[in-house]
Every structure is written in C-alpha cells, then in structure tokens.
Amino acid sequence: MTQQIIREAPAPEPLEGQQANTFFYVPAPNEPILNVNNIQGNILGGFNKDYQALLFLEIENPHAFKHWLKSQINFIATASEVIAFNRLFKSARQRRGREGTVKATWVNVAFSFEGLKKLTNDANSFKDESFKAGLAARAADLNDPVDKDGKPIGWVVGGPDNGKVDVVFIIASDERADLLAEISRILESIVAFTDGKGNAKSSGARITFLEEGANLPAPLTGHEHFGNLDGISQPGIRGRVADNPKDLLTPRQNPENKNQGKPGQDLLWPGEFVFGYEGQKDDAETLEHSKGEVVSAGLHWANDGSYLVFRRLRQDVYKFHKFLNDIAANLDTDARKVSAKLIGRWPSGAPTVRTPEEDAPSLGNDDNANNDFEFNGDDPPDGKFFKNDVVPPSKDATGLRCPFIAHTRKTYPRNDKTPGGGGPGPEEIDRSEVTTQTHRLLRRGIPYGPVSPSTPNNPLQDASFVDRGLHFLAYQTSIVDQFEFVTKFWANNPNFSEEAAKGHEFEGKLTLGHDPIIGQSENNKPNGDRTRKFFIHLEDDQNQPQTKELTAPEDWVIPTGGGYFFAPSISALKEVLTK
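Residues numbered from 1 in each chain as written. Predicted model: local features only at pLDDT ≥ 70, side-chain atom pairs only at ≥ 80, totals over all residues. Heavy atoms only, no water.

### Quick word on the overall build of the protein chain
Applicable threshold: Numbering of helices and strands runs from the N terminus; a helix is a DSSP stretch of H or I covering at least four residues, while a strand is a stretch of E covering at least two. Each radius of gyration reported is based on C-alpha atoms, and the globular scaling rule is 2.2 Å times the count of residues to the power 0.38. Working rule for contacts: check all heavy atoms of both residues, and any pair within 4.5 Å makes them a contact. For the accessible areas, the method is Shrake-Rupley and the probe is 1.4 Å, while residue cover comes only from the protein chains on display.
Per the secondary structure count, the protein chain includes 15 helices and 17 strands. Over its C-alpha trace the protein chain gives a radius of gyration of 23 Å, about what one expects of a compact globule, namely 25 Å for 579 residues. By its C-alpha atoms, the protein chain is 80 × 65 × 45 Å across when sized along the principal axes. For the protein chain, restricting intrachain contacts to residue pairs at least 6 apart in sequence, the fraction spanning at least 24 positions comes to 71%. Accessible area of the protein chain: about 23200 Å², with a carbon and sulfur share of 48%.

Next up, the structure:
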C-alpha cells in the first residue's frame with residue numbers, strides 16, 4: 001500500500017452527473033496539448049511510489065542491445081498511464097478514506113551521452129554541453145570533493161572508476177514484492193535473453209549498479225533522512241492532456257490567480273521540462289506574459305524527451321543533528337527551530353515565512369496553503385519579533401522569518417530580487433521572478449538506506465557506518481541553465497542573493513552564506529577547508545531576537561555518484577534507438 005503523498009496530482013475529470021469543483025476546471029484553450037502517450041511517465045506525472053530502484057547498464061554490444069531494448073519498450077510507462085493512475089489513486093483515496101485500492105508498477109529508461117553515441121550517429125547534435133561532458137567531468141565545477149586531477153572522490157556509481165553507466169532504468173512500485181518481481185524480470189531478460197522463437201541471444205548489456213530506494217516508514221513518511229517533509233514545492237506546468245480545454249495537466253486551484261495551480265504554485269510553460277514545447281521567455285517583463293519559443297535539444301527525435309540529472313547524495317544524519325543541537329544550546333532555543341531556519345520549513349513542511357517560531361502541522365499538510373507565500377514585501381511584526389500564521393500572501397523581504405540562506409530560499413528564491421532583475425528600478429522584482437522561473441526543476445527523488453535513530457533533540461550516532469541518503473532525480477531541458485545554475489550560482493554561492501539582502505544588514509553585514517544543506521565550499525581538493533558560514537534569525541526561549549553567523553565545519557550531504565541522462569520519447573525508442 002502506497003504511503004507517499006501524491007503532490008500536484010491532477011484531479012480526475014468528473015463523470016456525467018457528478019459535481020465538479022470549478023477551481024479544477026478552468027479552461028486553457030491556448031495551452032498546448034501534451035503528447036502524453038509519447039512522453040515517459042515519470043517526467044510529467046511523477047511515479048510517486050513507496051519503492052523505487054535504479055538499475056544501471058553498460059552497453060557492450062550496441063547491435064545486440066538494440067534487439068534487447070526493443071523487447072522492453074512495451075514495459076516503459078507513458079505519461080498518459082501514470083497521470084491516469086495518479087488521478088484514480090487520489091480519487092479513490094478521497095472517497096474511501098484509505099489507500100491500497102489500486103496499485104501499479106512502473107518502468108522508465110534514460111541514456112547517457114556516451115550511451116546514445118553507441119546507438120545513434122547523430123548524438124553529437126545535442127546542444128547541452130554539460131550533458132555531453134557528463135556529471136563526473138563537471139563535478140569539480142559543482143564544488144564536489146575531487147582529487148588532485150579533478151576526479152570525484154568517494155563515488156560508488158557514475159565515476160570514472162565505477163564502471164560505465166550508459167543506461168539507467170527507473171523501476172517503481174507501490175509494493176516492494178512487486179518492485180522485486182519487476183527487477184527480476186529485467187535482470188533475467190538481460191542475462192538470459194531469447195528471441196521470439198526461444199533462441200538464446202546476447203542482450204549486449206552488462207549490469208554495473210543496482211540500488212533500491214524507499215519512502216521512509218512512519219512517522220517519517222514523505223520525509224527525507226534529516227526529518228523534513230520533501231517534494232513540496234514543484235512547478236506547475238501549463239498544458240492539456242487531451243483536446244478538452246479543461247483537461248489540464250496542472251489543475252487551477254487558486255481562484256485568486258489564474259496563473260497558478262495550487263496557491264503559490266506558478267505555472268510554467270512545458271518546454272522548461274520537455275522538448276518540443278514552448279518554454280519560458282527569460283526577457284519577459286512579467287511572469288504572466290512569459291511564453292517563449294519552442295525548446296529544442298538539437299534533434300527532432302528528441303522532442304517529447306527530457307534531460308534527467310541523478311545525484312546519489314549520502315546524508316550524515318548524526319552530524320547534522322548534532323550541529324542543530326549544539327547551536328540550539330548556544331542560542332537557548334529548540335534544535336527543531338534551528339533546523340527550520342536552515343531549511344525554510346518545519347519538519348511538517350510548514351513554511352517559516354508563515355509560521356516562523358513554531359511548527360504548524362495542519363499548515364504543512366495542506367497542499368493549498370503550505371506553498372502560498374512569497375519573499376519580497378513585508379508583513380509587519382505583531383507584538384513580538386515575528387508573528388505566526390500570517391495571512392497569505394505572506395512575505396519576508398527582510399529575511400527574518402526565512403533567512404536568505406535557507407535551503408528552500410536559496411534553491412527557489414521566488415520573487416526575491418536577484419542578479420536577473422537587472423538592477424534597482426520599478427521592474428526589478430518582476431524581472432527577477434521571470435528569470436528565476438527559468439531555473440526550475442521537476443524533482444523525482446526518493447530516500448535510500450535505513451532510517452537513523454537520531455533526532456535533532458537527541459542526536460545518536462550509528463554503532464558502525466550506515467550508508468543512507470537521497471537518490472536525487474530531476475528533469476529539465478537545460479542541465480546548464482537549470483540544475484547546474486541552481487547548484488553553482490545559488491546554492492554554492494555565499495553571496496547569493498546580495499540584491500535581496502541589501503538594505504537588511506545586521507551590524508553592517510549582509511546576512512548571507514552558503515545553502516547550509518546542499519551548498520558546498522569551493523575548497524574541494526584533497527585536504528581543502530570545507531567550512532561554510534551562514535546567518536540565521538530566530539527568537540530564543542525568552543522571546544528575544546537572535547541573529548547569528550554560524551559556521552559548519554564539514555559537509556552533511558556528500559555526493560557519492562550520479563550522472564546526466566536523456567529520457568527519450570516512446571517514438572524515439574522505437575524509431576531511432578532500436579534501429
């Protein structure tokens with residue numbers, strides 16, 4: 001039975017005679033019809049399963065591999081199938097008040113640039129230079145720990161010494177038994193491939209890495225290993241899944257803003273995530289009028305496909321929790337509050353912009369409220385230093401409720417002033433938001449490894465080394481301008497965003513710093529100083545305001561593998577990559 005919250009899932013079209021919620025069915029006749037029967041399912045629909053595995057292959061014999069791959073195409077889930085299932089799952093859960101009525105197992109596939117070169121002669125026409133270089137070659141630029149020659153250190157998959165990763169299969173299911181059965185089917189077909197007549201054939205592939213991930217058990221269901229609810233703020237995507245102008249991929253649930261899905265969820269053009277559709281116009285004056293040109297990967301057959309970034313991120317839960325606990329003791333406050341200020345959300349998912357001094361689980365669990373806030377603009381203090389449960393649209397230009405360094409603010413600054421705003425002036429905020437929306441990601445990650453017994457208020461170290469963390473997966477149409485941009489220029493940049501912080505200094509200093517969760521120091525060579533610094537603001541247990549610069553002496557999130565891949569369309573699998 002799936003326990004994972006399906007976020008941003010469209011509601012089902014009502015049958016004849018059923019009453020419809022009009023917020024879901026605002027027509028959008030000018031938005032494109034998405035080719036959901038040709039797009040792989042995890043890109044736009046999202047698998048949202050409790051159990052997921054990543055299987056990596058090397059293509060040893062391209063001719064033989066094409067024959068084997070052709071036998072797998074009918075197992076590849078489409079966006080049409082996944083979206084329909086997610087709608088049915090959500091509808092059944094709402095009506096019955098429980099889960100487990102329906103279940104499914106999904107498979108998707110993606111290829112590295114080196115893998116594509118083995119299958120087609122025109123792979124060099126892909127325009128994204130980072131995709132062609134590969135993640136391992138880009139590791140040093142992302143401030144990942146590397147050796148003296150720039151090779152990533154400590155990787156277990158995707159590195160130059162780990163075996164080739166030409167192909168990745170994503171297998172996901174509601175039940176672990178079903179997941180294992182599908183993995184077994186694929187593995188058996190690789191090692192004992194036969195043709196239609198039962199004759200033994202080579203699959204042309206070699207298995208190089210296999211690892212399971214899973215949604216964490218209660219009470220951490222839907223959370224990552226540090227203890228925070230994950231996957232909350234996803235982009236809304238413009239587009240229809242059928243001719244019906246009301247059958248939208250992202251339903252319109254904010255009656256106050258037709259350019260949002262759920263409140264606070266800005267709608268973006270689908271070309272930001274799938275090739276062959278209009279993307280965002282980065283020089284538009286406002287977000288409402290930001291429809292851009294059709295986005296191309298450089299090849300016609302790449303339409304309906306998407307780039308996939310995979311990062312295997314190990315999380316040192318004890319060291320993170322111990323840091324929170326030590327800081328809390330020094331500041332006379334609760335460790336969970338320190339965590340909330342570093343993340344920008346409480347463990348429940350409640351945003352600190354709306355409830356800065358205490359968690360509000362009802363807010364965190366409300367998908368129509370937990371994302372309904374902006375950053376630029378101010379709500380005045382109410383009696384104390386801050387106020388809780390402010391009425392949306394909540395704002396925090398000062399960085400007092402949600403520090404400028406908070407993970408959620410660094411990786412998605414919303415309408416904060418940024419370098420993309422073009423400098424001071426009446427259009428700076430609108431221009432900043434327009435450019436920010438060109439750097440979004442569709443995240444599809446899942447934890448791996450066992451749950452830690454540690455908590456922020458009671459840090460506990462494992463008796464021996466335990467490998468746990470996150471399989472970070474994200475889709476986009478520009479690795480350079482989306483994943484790498486967010487990593488290099490926002491998360492890893494201790495001066496981002498000066499434009500937002502100016503005018504809100506503390507003792508003459510801008511309250512900036514690295515992203516405390518995923519930000520990495522530029523000192524990434526052996527024996528380099530990995531220290532990071534960042535400012536936070538909070539009230540202590542005596543209701544006194546505190547603004548402090550903190551120092552993190554080491555990383556809590558450590559890259560241990562990954563790769564850049566391309567997830568092709570179903571037609572590309574049939575007509576290009578298996579020919």
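### Some words on the pattern of salt bridges
A side chain with one charge may pair with a side chain of the opposite charge, provided their charged atoms come close. Defined as follows: For this document, the term salt bridge refers to a Lys or Arg side-chain nitrogen within 4 Å of an Asp or Glu carboxyl oxygen. A 1.4 Å probe rolled over the protein chains alone gives each residue an accessible area, and that area as a share of the maximum for its type sets the label: buried under 20%, exposed over 50%, partly exposed in between.
Under the criterion given, the structure shown has 31 salt bridges. Where Glu-357 meets Lys-337, a salt bridge forms, and the shortest distance between an N and an O atom there is 2.8 Å. Residue Glu-357 is found in the loop between helix H9 (335-343) and helix H10 (361-364), and its partner Lys-337 is found in helix H9; the two are separated by 20 residues along the sequence. Given a relative accessible area of 9%, Glu-357 falls into the buried group. Because the salt bridges share partners, they merge into one network encompassing Glu-31, Arg-238 and Arg-252.

### Some details on the pairing of strand E3 (residues 167-173)
Here is the rule: Whether two strands pair comes down to DSSP finding at least two bridges between them.
E3 sits mainly inside the fold: seven of its seven residues count as buried. As paired strands, strand E1 (residues 51-59) and E3 are joined by seven bridges and run antiparallel to one another. Within the sheet, the bridge partner assigned to Leu-54 lies in E3 and is Ile-170. In this sheet, E3 lies alongside strand E2 (residues 105-111) in antiparallel orientation, the contact comprising seven bridges. Bridge pairing in E3 links Trp-106 to Ala-172.

### So, a negative patch on the surface
Inclusion rule: The patches described consist of residues with a relative accessible area above 30% and no salt bridge, like charges being joined within 9 Å and nonpolar side chains (Val, Leu, Ile, Met, Phe, Trp, Tyr) within 5 Å. Under the convention used here, Asp and Glu are negative, Lys and Arg are positive, and both His and the chain ends fall outside the count. Positions of charges follow a simple convention, taking NZ of Lys, CZ of Arg, CG of Asp or CD of Glu.
A cluster of acidic residues, Glu-285, Glu-288, Glu-427 and Asp-430, forms a negative patch on the protein surface. Here Glu-285 lies in the loop between strand E9 (278-280) and strand E10 (291-294). On the basis of relative accessibility, which here comes to 59%, the residue Glu-285 falls in the exposed class.

### Brief notes about the nonpolar core
Rules: In this text, buried Ala, Val, Leu, Ile, Met, Phe, Trp, Tyr and Cys residues form a nonpolar core when linked through side-chain atoms within 4.5 Å.
With 74 residues, the main nonpolar core has Phe-65, Phe-111, Phe-126 and Phe-169 as its most contacted residues. Top element by residues in this core is helix H8 (residues 317-331). It accounts for seven residues. Sequence-distant contacts of Phe-65, that is, excluding residues within four places in its chain, are made with Leu-57, Ile-59, Phe-111, Leu-119, Val-167, Ser-203, Gly-204 and Ala-205.

### What about H9?
Within H9, eight of the nine residues are buried, which leaves it mostly tucked inside the rest of the structure. Those residues of H9 that sit buried are Ala-335, Lys-337, Val-338, Ser-339, Ala-340, Lys-341, Leu-342 and Ile-343. Lining the buried residues of H9 we find H8, helix H11 (407-411) and strand E15 (532-539). Within two residues after H9, Gly-344 carries a phi angle of roughly 100°, on the positive side.

### Some words on the environment of Leu-179
Assignment of secondary structure puts Leu-179 in helix H7 (residues 176-191). In this structure Leu-179 comes out as buried when scored by relative accessible area, which is 0%. Ignoring any residue separated from it by four or fewer positions in sequence, one finds Leu-179 in contact with Tyr-51, Gln-52, Ala-53, Ile-171, Ala-172, Ser-173 and Glu-212.

### Focus: the packing of aromatic side chains
Threshold: Ring pairs shown here join Phe, Tyr and Trp side chains whose ring centres sit within 6.5 Å, with only the six-membered ring taken for Trp; geometry is labelled stacked below 30 degrees between planes, edge-to-face above 60, and tilted in between.
This structure, assessed with the given rule, holds 27 aromatic pairs. Centre to centre, the rings of Phe-56 and Phe-310 are 5.4 Å apart; their planes meet at 35°, and the pair counts as tilted. Taken as a pair, Phe-56 in strand E1 and Phe-310 in strand E11 (residues 306-315) lie far apart in primary sequence, 254 residues in all. Take Phe-56: its relative accessible area is 1%, and that puts it in the buried class. Centroid distance Phe-126 to Tyr-307: 6.2 Å. Interplanar angle 50°. Geometry classified as tilted.

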